[in-house]
Amino acid sequence: MRLAGLYNRRALLALALGTIVLSLGAFAALASDLIVNGTQTTVSGGTYGVVYVANNGNLTVNGPLTAGTVSLEGGGAITVNGTLAAGTISVSYGTANLRDNITASSGITVTAGGLTATGTNNTAGSVTIGAGATMSVLGTWSAGSLLVSSNGVLSVVAYDGSTVGAGTFWFYASSIRIDYGGTVNGDYAGNDPRGRANSFANAGGGGYGGNGAHGWWDASFAGSAFGDDYTYICDMGSAGGNMGGGGIALIADTVTVNGSIHANGYNGWYVQFQWAPGGGSGGCIFIDAGTLTLKGPLSCNGGDGDGDAGPGGGGRIKIFYLAGGGTNLAPFCSVAPGPNHPNKGPAGYGTVYFDARPLAPTPIAPLSGDTVSGSGTTFQLTVHDGSVTTDGRDDLLFSAIELSTNGFQTVSYRFDQSRSLSGWSAFSNRNGQTVTFTSPYVIPPGTYRWRATTQDRSVAGAYSPERIINIGSPTYVTGPTLHIDRTVKLSFQSGHYDYRLQTSPDLQTWTDTTTVLHGDGSVIELYLPVEVNSSFYRLLVL
């Protein structure tokens, strides 16, 4: 039952259904709703069907809050000093200050007004920021979709030295869209100590993607560059005397940027006869998209030093993608340092890095239906990298092979070329090359699915098509034997495998020894002692 039409009455009304409505206060509308109409109200938390704040009402919740709907209208304000779990959070016209983790299963909509969320781990069915609305966040967000409408703003909560996670956010979604006129803003939000300049008077600028510049006072006061342009990390920028840019990370199947994204450093300023702080460095814009459409500007520029202080260095822009990226995006990206001035060293430009994810490798062998030995199991695949045609680079590629007995609900075995070279035919590979891997371990008999993926130095690509194979029993070499002076001669034609020597007293129970032979295709002869507990020998093909 909608009660909004009753909120401006100044009397106690008895409704036909027996619901009691108390205007200018908090009341239970349908026994489980919390409605604040024009007053200040504080509760300790709880569970409600609807939480509704309107007519410049102010609600403070000191504890966890659970609700079907949280809705602000008519200048209503809410502060939640605890976790918030709701189906829908709607700010039509009001202010929400949410200080712990949020779960909004249906979604969050900010139509007008603002929402600030300082929890570090948040989930929403969708997030929509309307025209003229603002939403400020930090930490990690997971949502079905993110939409920043024209004249809407999504901002980074600025680093303040005490709020955990402030200065950066990571937003994961199926789709992210920044409309024309929409903005994602990380300006003046960062203060990473690694590139921070000395904040005394006439000091240098902050560093991140490029070095900050020294001021007139002392060259040692400039902030240094840190990090790199390819690691899957999004840092915030560093302060000179003033704040650097924040860190903005957007990860989605589709990312469409028609608006703008910026994480610029703050300018220093000069006050006559007083000391001047340096400019902050640019921050970081990090995008990882399955399909990327970029038509709006991205900027991580350093701030001007002004006066006798040094300008900040440029930040970093990192863009990973499967489709739609490439060096043609460079004109949209700016990582300029703050402008140079006399008596101050120049600040450095930041970095812009584009990286097409490796494409799914092509499995060559074994194919579906093949039966292979559990010892010396060999896999072959061809690797592919889109960077060759889009980014102008022929990246080093590292493969990984996975096996599963339950359709990859779990992974039984994973062999990763970037972590161990054992069994791999080369240290790394490049686009179009064939990779061979021979398992250094015995794989138990059974039916397996196998697949492969490839990564460059930054990100991994898609998985190959799966192949269903049968792995048989391990292969052993026993060969002809001859007792000579209490020795056993074991002679066999070796393959290009490794072999582990095993012993048994009864041909039933076998024990590994520390002896491993490296086959090279020649005939190998072993003379082994006959011992009471080890009268029989065999070689396990690895």
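Preceding block: the structure.
What comes next is a walk through the structure. It should be emphasised that the depicted structure is a prediction, and the values quoted were computed from it without experimental measurement. (Residues numbered from 1 in each chain as written. Predicted model: local features only at pLDDT ≥ 70, side-chain atom pairs only at ≥ 80, totals over all residues. Heavy atoms only, no water.)

### Concerning the overall build of the protein
Tallying secondary structure elements over the protein gives 1 helix and 41 strands in all. Sorting the 542 residues of the protein into buried and exposed places 51% on the buried side. In the protein, 56% of the contacts between residues at least 6 apart in sequence involve partners at least 24 apart. Total accessible area computed for the protein in this model is approximately 22700 Å², and 52% of it derives from carbon and sulfur atoms. (Helix = DSSP H or I, 4+ residues; strand = E, 2+ residues; numbered from the N terminus. Buried < 20%, exposed > 50% of the residue type's maximum accessible area, 1.4 Å probe, protein only. Contact = heavy atoms within 4.5 Å. Areas by Shrake-Rupley, 256 points an atom, 1.4 Å probe, with all protein chains shown as cover.)

### Some thoughts on the pattern of salt bridges
Charged atoms that come close allow side chains of opposite charge to pair. For the coordinates displayed, the defined rule picks out 13 salt bridges. For Glu402, the salt bridge identified is with Arg414, shortest N-O distance 2.3 Å. Placement of Glu402 in strand β31 (residues 398-404) and of Arg414 in strand β32 (residues 413-416) is noted, with a sequence separation of 12 residues between them. Overall, Glu402 belongs to the buried group, its relative accessible area being 4%. With relative accessibility at 40%, the residue Arg414 sits in the partly exposed group. Of the charged contacts, one joins Asp416 and Arg414 as a salt bridge, the two residues approaching to 3.5 Å between their closest N and O atoms. For Asp416, a relative accessible area of 11% puts it in the buried group. What you see here is one network of salt bridges that share partners, running through Glu402, Arg414, Asp416, Arg419, Arg449, Arg451 and Glu466. (Salt bridge = Lys/Arg side-chain N within 4 Å of Asp/Glu carboxyl O.)

### Topic: the pairing of strand β27 (residues 351-356)
Within β27, 5 of the 6 residues are buried, which leaves it mostly tucked inside the rest of the structure. Judged from the 6 bridges that link them, strand β25 (residues 316-323) and β27 form a sheet pairing that is parallel. Bridge pairing links Phe320 to Asp355 in β27. (Pairing = 2+ DSSP bridges.)

### Structural notes on the sheet that holds strand β7 (residues 58-61)
The strand order across the open sheet built from 11 strands is β5-β7-β9-β11-β13-β16-β18-β20-β22-β24-β26, with neighbouring strands paired in parallel fashion. Each of the sheet's edge strands pairs with one partner strand only, and the pair in question is β5 (40-43) and β26 (333-334). By the bridge criterion, 4 bridges tie β5 to β7 in an arrangement that is parallel. For Val43, the partnering residue across the bridge sits in β7 and is Val61.

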